[in-house]
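Remarks on the overall topology
Below are the chains, spelled out letter by letter.
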Protein chains: 2
Amino acid sequence: MKELEDRIRKEGRVIGDSILKVDSFLNHQVDPVLMDHIGAEFADLFHGVTITKVLTLEASGIAPALAAAYHLGVPLIFAKKSGSHNIGSDVYTSVVHSFTYNRDYTVQVSRAYLASDDRVLIVDDFLANGAAIRGMMELIAKAGASCAGVGVVVEKAFQDGGQQLRSSGVRVESLARIASMKDGEIQFVSEENTGN
Amino acid sequence: MKELEDRIRKEGRVIGDSILKVDSFLNHQVDPVLMDHIGAEFADLFHGVTITKVLTLEASGIAPALAAAYHLGVPLIFAKKSGSHNIGSDVYTSVVHSFTYNRDYTVQVSRAYLASDDRVLIVDDFLANGAAIRGMMELIAKAGASCAGVGVVVEKAFQDGGQQLRSSGVRVESLARIASMKDGEIQFVSEENTGN
């Protein structure tokens, strides 16, 4: 998605070789018009696929996921991190390892909002090692529902989460795929001559 | 806002005399079309007021605040709860007391996204005692910016947060004002014969 790649190139800040800060438009300050375009793009990409719910994880997935749900015409559910909220005991849970903070946390979704006939599109802001997305897939599996695909705003393609998900048969659509951030320079997969 | 009151009446669940669960459409599962209407309503209510940013607090404020920011044509910022994120040390912070969990937590916003010439509309999902909103007002004050008003989806008018804010001269617009939830019955302020 050229608009997104341009924005990342213009405003993204690279820290070290693997941290990309996009908090001027995606996950702290948020550009609502860009979110709308992102939501429309996900709806286009998954056009023709049966989707009954969009699922994301609080907090930074909510903005792009809400826009996707709007354009798909389905409800959004945001999974909550355990301890931070009282959503009752009637929940599906899964444990996610955060590589950023090197700790595990539990994510949960109320059983009332995921049913066995739901076909769920997962949307998140980032895909790196894929831990958060696998956690959400576990929630969907526990509900007996099915995952219709995964929509990601920014994929760090130099980490193996996306590859692992695709290898296991999950359809993953990333609006910007970063091939490398070496020496502070952001290179997108589309710019490589590897045929990706 | 009649659409919202109808939805609360239909799907809201009252627990005890003061807890209202609206997690089927507002703060766990989210109806994106309702959010869009809520955002449009805030933009209408604050029409003619200079607003340069919308500020909310993660996580459940993000959906209505994003919609408001979209309709106002300005960026959204969501303040983060300390410890859960690494947004650097160059932040404005304030301490908020959670009555639900009976503990204090720190909220923060990067200095980069609040400037002294910003006129900020605060948007949140709930207003009860007003602690979260006062915390956000403190962030705005620390930036030397000004608060253009407060937009709330659901106000528990039987708690005194809204009254306190209005008494101090803050314009507070609530889309649904709940007068009481005694015996599990939700009564809106608009239904009272008190002239409110």
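Residues numbered from 1 in each chain as written. Chains lettered and ligands numbered in written order. Predicted model: local features only at pLDDT ≥ 70, side-chain atom pairs only at ≥ 80, totals over all residues. Heavy atoms only, no water.

Before going further, it helps to examine the overall build of chain A. For chain A, the helix and strand inventory stands at 5 helices and 11 strands. A compact globule built from 196 residues would reach a C-alpha radius of gyration of about 16 Å, and chain A, at 16 Å, matches this within 12%. Over its C-alpha atoms, taken along the principal directions, chain A stretches across nearly 45 × 40 × 35 Å. Within chain A, the fraction of its 196 residues that count as buried is 56%. Of the contacts made within chain A by residues no fewer than 6 positions apart, 60% connect residues no fewer than 24 positions apart. Total accessible area on chain A is roughly 8,200 Å²; 44% of this is exposed by carbon and sulfur atoms. (Helix = DSSP H or I, 4+ residues; strand = E, 2+ residues; numbered from the N terminus. Rg over C-alpha atoms; globule rule 2.2 N^0.38 Å. Buried < 20%, exposed > 50% of the residue type's maximum accessible area, 1.4 Å probe, protein only. Contact = heavy atoms within 4.5 Å. Areas by Shrake-Rupley, 256 points an atom, 1.4 Å probe, with all protein chains shown as cover.)

Attention now goes to the nonpolar core. With 74 residues, the main nonpolar core has I8 of chain A together with I8 of chain B as its most contacted residues. Those residues in contact with I8 of chain A that sit more than four places away from it in its chain are L20, V22, F25, V154, A176, I186 and F188 of chain A. (Core = buried A, V, L, I, M, F, W, Y, C linked by side-chain atoms within 4.5 Å.)

Between chain B and chain A, the contact holds 36 residues from the first and 36 residues from the second. Taking both sides of the interface into account, the surface hidden between chain B and chain A amounts to around 3,100 Å²; carbon and sulfur atoms contribute 61%. Counting every contact that joins chain B to chain A gives 0 salt bridges. At the level of secondary structure, the elements contributing two or more residues to the side of chain B that touches chain A comprise β3 (29-30), α2 (32-45), α3 (62-72), β5 (76-81) and β7 (103-110) of chain B. For the side of chain B that touches chain A, the class distribution of residues is 20 nonpolar, 10 polar and 6 charged. One ladder, built from 2 bridges, connects strand β5 (residues 76-81) of chain A with β3 of chain B; its direction is antiparallel. The residue bridging L76 of chain A from the neighbouring strand is V30 of chain B, located in β3 of chain B. (Buried area = accessible area lost by both parts, 1.4 Å probe. Salt bridge = Lys/Arg side-chain N within 4 Å of Asp/Glu carboxyl O. Nonpolar A, V, L, I, M, F, W, Y, C, P; charged D, E, K, R; others polar. Pairing = 2+ DSSP bridges.)

Below, the discussion takes up the relation of the copies chain B and chain A. Superposing chain B onto chain A takes a rotation of 180° plus a shift of 0.0 Å along the axis, which leaves an RMSD of 0.0 Å. When the rotation and shift are considered jointly, the pair of chain copies conforms to a two-fold rotation axis. Residue A59 of chain B, judged by its C-alpha, is the member of chain B lying nearest the rotation axis, at 2.5 Å. Taken together, the interface assignments show that 100% of the residues at the interface of chain B recur at the interface of chain A, consistent with an identical surface on both copies. (Least-squares fit on C-alpha atoms with pLDDT ≥ 70 in both.)

The predicted model of chain A has a mean per-residue pLDDT of 93, with 94% of residues at 70 or higher. The complex model carries a pTM of 0.95, and its ipTM stands at 0.94. (pLDDT = per-residue confidence, 0-100.)

We now examine the packing of helix α3 (residues 62-72) of chain A against α3 of chain B. Between α3 of chain A and α3 of chain B, whose axes approach to 10 Å, the crossing angle comes to 70°. Classed by the angle they form, the pair α3 of chain A and α3 of chain B counts as roughly perpendicular. Between α3 of chain A, through I62, A63 and L66 of chain A, and α3 of chain B, the contact on the second element is made entirely by I62, A63 and L66 of chain B. Of the residues in the contact of α3 of chain A with α3 of chain B, the class split is 6 nonpolar, no polar and no charged. (Axes fitted to C-alpha atoms, helices over the stretch in contact; angles between N-to-C directions. Parallel < 35°, antiparallel > 145°, perpendicular 65-115°, else oblique.)

Bringing helix α4 (residues 131-142) of chain B into the picture now. Residues and elements named next belong to chain B. Look at α4: 17 Å from first C-alpha to last across 12 residues, which is about the 16 Å you get at 1.5 Å a residue. Listed in full, the buried residues belonging to α4 are A131, A132, I133, G135, M136, L139 and I140. At the C-terminal side of α4, G144 shows a positive phi close to 75°. (Expected span 1.5 Å × (residues − 1).)

Another aspect to go through is the pattern of salt bridges. Side chains bearing opposite charge may pair, as long as their charged atoms lie close to each other. A full pass over the atoms with the stated rule returns 24 salt bridges over all chains. Note that K2 of chain A is salt-bridged to D6 of chain A, the shortest N-O span being 2.6 Å. Here the residue K2 of chain A and the residue D6 of chain A both occupy positions in helix α1 (residues 2-11), the gap between them amounting to 4 residues, near one helical turn. We note a salt bridge from R9 of chain B to D6 of chain B, for which the minimum N-O separation is 3.4 Å. Of this pair, R9 of chain B and D6 of chain B both sit in helix α1 (residues 2-11), 3 residues apart, roughly one helical turn. Owing to a relative accessible area of 41%, R9 of chain B belongs among the partly exposed residues under this scheme. Shared partners join several salt bridges into a network, and the residues in it are K2, D6 and R9 of chain A.

Turning our attention to the packing of helix α2 (residues 32-45) of chain A against α3 of chain B. For any two helices packed against each other, the geometry comes down to the angle between their axes and how far apart the axes lie. Interaxial distance between α2 of chain A and α3 of chain B falls to 8 Å at its minimum, and their mutual angle equals 105°. Our classification of the angle between α2 of chain A and α3 of chain B gives roughly perpendicular. Facing α2 of chain A, whose interface residues are P32, V33, M35 and D36 of chain A, α3 of chain B presents L66, A69 and Y70 of chain B. Of the residues that constitute the contact of α2 of chain A with α3 of chain B, the class distribution is 6 nonpolar, no polar and 1 charged.

All names here are of chain B. Counting buried positions along strand β9 (residues 146-156) gives 9 out of 11 residues, so the element sits mostly inside the fold. Where strand β8 (residues 119-127) and β9 come together, 8 bridges link them in parallel fashion. Note on β9: the bridge partner recorded for R119 is S146. For the crossover from β8 across α4 to β9, the handedness is right-handed. In the sheet, β9 pairs with strand β10 (residues 172-180) via 6 bridges, with the strands oriented parallel. Note on β10: the bridge partner recorded for K156 is I178. Assessed by its sense of winding, the connection that carries the chain from β9 through helix α5 (residues 161-167) to β10 is right-handed. (Right-handed = clockwise from strand over helix to strand, strands pointing away.)

Evaluated as defined, the whole model comprises 0 aromatic pairs over all chains. Positioned over the ring face of Y105 of chain B is K81 of chain B, at 5.3 Å from the centre of the ring. (Phe/Tyr/Trp six-rings, centres within 6.5 Å; stacked < 30°, edge-to-face > 60°. Lys NZ or Arg CZ within 6 Å of the ring centre and 35° of its normal.)

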